[in-house]
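Architecture at a glance
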Amino acid sequence: MSVRRLAEQQPPSFEFSPDNRAWAEKLIAKYPKGRQASAVIPLLWRAQEQHDYWLPKAAIEKVADMLGMNRLRVLEVATFYTMFNLSPVGRHFIQLCGTPPCHVKGAPALRKILEQRIGPQQKVSADGKFSWLEVECLGACCNAPMVQINNDYYEDLTDENFARLLDDLAAGRPVKKGSQTGRVSSEPTPGKGTTLTDAALYDGSRVGAWKKRFEEEQAKAAEAARAAEAAKAAAAAAPAAPTNAAKPDAPAAAPAVAASATAPAPAQAAAAASPAATGVAPGAPTHEAKDRVAGADAEREAKAAAEEAHVKEKLAALPKDATPEQKANAVGARPVGLAAARGGVADDLKRIKGIGKVNEGRLNELGMFHFDQIAAWTRDEIRWVGAYLAFPGRIDRENWVEQARVLAVGGETEFSKRVDAGEVATSAGGPSRPDKVK
Ligand code: FES
């Protein structure tokens, strides 16, 4: 633990912004008379957020005055908790865990890297980009060693991936949060030995029966969703396949999907809708075909509306200032992303109708670089991404997953053809991570 003192250079005064002032007054009013001091930590935290993530003396005094507390008592709180910064921090403020689990797993080496690249702790680098501080356990010991950078955790660090992480941050490139080795949570590291070798620990016969049941239910739901998506794709593709005349933008027009050996339902649907079965010449936009396309659109719309309602209901229970990640976590499961595009070459996700430059960038930040990743999203993952990007229901409405399935196997959609021909202004330009594209 380092010595915690107020910064030598202090601003002359501090005032909460009107919004923050109103927020603070509302919060203070929640406590019974005489218990307003209970609001000290949230108020200090809000003051810190407002003041470039560090607390000047004037802010500590302002909070004390607002709560009717002795200023020294508030100073004690601010100097006790390392979450309060008492001097300016860099744009990327790194908190290195130095407690024994992280220490024995390599924190000293990370510390050396920080000293070499940034300098002593509690000093901001010359370019203002970095500062660091050694702190006590941050509660992610299973994925040691780890650091917290601003509000996010970066785990399973090694000298190599930590140096790369700092390079990426310095260059303004998107970085992967959480485990840097691909672990989803704190499961055993793939290929590494574990002391918990008794198979009964995992098969549900002793402990974890709930986990087994949960996984089975998840697998069943995923399989049902996949079959339903495939059946819908085939129903939409079958009448339009010969000419694409029935619905020019239908992404499932690529024959590859309808012919997929992994989807028996599409094959049946395609056979039922074939010219031989319908007696209609290929490409003729029959009423039946039009009705079928309209039916698929209506079904998709109904699904999107149901999705929106479901997500809205879940989000209503969250606080108003919930982050995009908190919202997404409340409704679904984050898809596992990649640290970088495979082979350094990302797919041009803007070839999917509905994904523009901005959303492509945000998907890349989530580790989504390839069509096959999107094609494999489960229902929970669609919900997570939809809520994270703040448009629940749109992924269904625009058929991202089906489009991705077509594009992942080298097929084309009417929309991707227009993108390739340079006819879609919002999809102009290559993948949004040129740094990853060799
Ligand atoms: S010891 Fe580092 S997170 Fe707990």
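Residues numbered from 1 in each chain as written. Predicted model: local features only at pLDDT ≥ 70, side-chain atom pairs only at ≥ 80, totals over all residues.

**Re the overall build of the protein chain**
What counts here: A run of H or I in DSSP becomes a helix once it reaches four residues, and a run of E becomes a strand once it reaches two; helices and strands are each numbered from the N terminus. Between the buried cut of 20 or more and the exposed cut of 12 or fewer other C-beta atoms within 10 Å of a residue's own C-beta lies the partly exposed class, and all C-beta atoms are placed from the backbone.
On a plain count of helices and strands, the protein chain comes out with 19 helices and 5 strands. In the protein chain, which comprises 438 residues, the share counted as buried stands at 32%.

**Regarding the packing of helix α6 (residues 107-117) against helix α7 (residues 159-171)**
Our working definition: Convention adopted: a line fitted to C-alpha atoms gives each axis, helices being fitted over their contacting stretch, and angles between N-to-C directions are expressed from 0 to 180 degrees. Here a crossing is taken to be left-handed if its near helix is turned anticlockwise relative to the far helix by less than a right angle, and right-handed if that turn runs clockwise. The contact rule is simple: place each C-beta atom from the backbone, and if two of them lie within 7 Å, those residues are in contact. Any residue outside Ala, Val, Leu, Ile, Met, Phe, Trp, Tyr, Cys, Pro, Asp, Glu, Lys and Arg is labelled polar, Gly included; the first ten of those are nonpolar and the last four are charged.
Between α6 and α7, the least distance of the axes is 10 Å, while the angle of their chain directions is 35 degrees. In the crossing of α6 with α7, the sense of the turn from one axis to the other is right-handed. Where α6 approaches α7, its residues A109, L110, I113 and R117 are matched on the opposing element by D159, F162, A163 and L166. Of the residues contributing to the contact of α6 with α7, the split by class is 6 nonpolar, no polar and 2 charged.

**Some words on α7**
Note the following rule: Given the number of residues in a helix, its expected span is that number minus one, multiplied by 1.5 Å. Taking the helix axis as origin, the arc is that swept by the directions to the C-beta atoms.
For α7, with 13 residues, the first-to-last C-alpha span of 18 Å sits near the 18 Å given by 1.5 Å per residue. Listing the buried residues of α7 in full gives F162, L165, L166 and L169. Looking down the long axis of α7, one finds its buried residues gathered within 95 degrees of arc, a one-sided arrangement. Opposite its buried face, α7 presents the exposed residues E160, D167 and A171, each directed more than 90 degrees away. Where α7 is buried, its residues contact β1 (92-97), α6 and β4 (152-155). After α7 finishes, the residue G172 shows a positive phi value of roughly 75 degrees.

**A word on unusual backbone geometry**
Between A144 and the following residue, P145, the backbone shows a cis peptide bond with an omega angle of -5 degrees. Structurally, P145 is set in the loop between β2 (130-135) and β3 (147-149). With a phi close to 60 degrees, N399 is a non-glycine residue in the positive phi region. With respect to the secondary-structure elements, N399 resides in the loop between α17 (394-397) and α18 (400-408).

**Re the pairing of β4**
Rule in force here: Any two strands with at least two DSSP-identified bridges between them are counted as paired. Handedness rule for crossovers: strands pointing away from the viewer, path from the first strand over the helix to the second running clockwise, crossover right-handed.
Bridge count for β3 against β4 is 3 bridges, and the pairing is antiparallel. Residue pairing across strands places Q148 opposite Y153, the latter belonging to β4. As consecutive antiparallel partners, β3 and β4 are separated by 2 residues, and within that stretch N150 has a phi angle of approximately 50 degrees, a positive value. With respect to chirality, the unit in which β4 leads through α7 into the neighbouring parallel strand β5 (residues 178-179) is left-handed.

**Examining the nonpolar core**
Condition: Connectivity within a nonpolar core runs through C-beta atoms within 7 Å, and the core itself is a set of buried Ala, Val, Leu, Ile, Met, Phe, Trp, Tyr and Cys residues.
Membership of the largest hydrophobic core comes to 27 residues, with the highest contact counts inside it found for I374, W400 and A404. Apart from residues no more than four positions distant in its own chain, W400 is found in contact with I352, G354, I355, I374 and I395. Membership of the second largest hydrophobic core comes to 21 residues, among which are C97, A144, Y154 and L169.

**Focus on the environment of Q95**
Checked against the element boundaries, Q95 lands in strand β1. Setting aside chain neighbours within four positions, we find Q95 in contact with L133, V135, L138, V147 and Q148.

**Examining the environment of P11**
Mapped onto the secondary structure, P11 falls in the segment before α1 (18-29). We classify P11 as exposed; it has 11 C-beta atoms within 10 Å. It is 9.5 Å that separates the C-alpha atoms of P11 and A59, two residues lying 48 residues apart in sequence. Ignoring any residue separated from it by four or fewer positions in sequence, one finds P11 in contact with P56 and A58.

**Digging into the sheet that holds β2**
Sheet strands associate in pairs through backbone hydrogen bonding, adopting either a parallel or an antiparallel arrangement. The 5 strands lie next to each other as β2-β1-β3-β4-β5, forming an open sheet whose pairing is mixed. The open sheet has two edge strands, β2 and β5, and neither has a second partner. Here β1 pairs with β2 via 6 bridges, running parallel. Its bridge partner lying in β2, H92 is registered against F130.

**Let's talk about the confidence of the model for the protein chain**
Which entries qualify depends on this criterion: Confidence of the predictor at the level of single residues is captured by pLDDT, which takes values from 0 to 100.
Of all residues in the protein chain, 79% attain a pLDDT of 70 or more, and the chain-wide mean is 82. This stretch, residues 241-286, has a pLDDT under 50; its non-local contacts, to residues over four places away or in other chains, come to 90 contacts. Of the regions scoring below 50 in pLDDT, residues 432-438 engages in 19 contacts with residues more than four places distant in sequence or in other chains.

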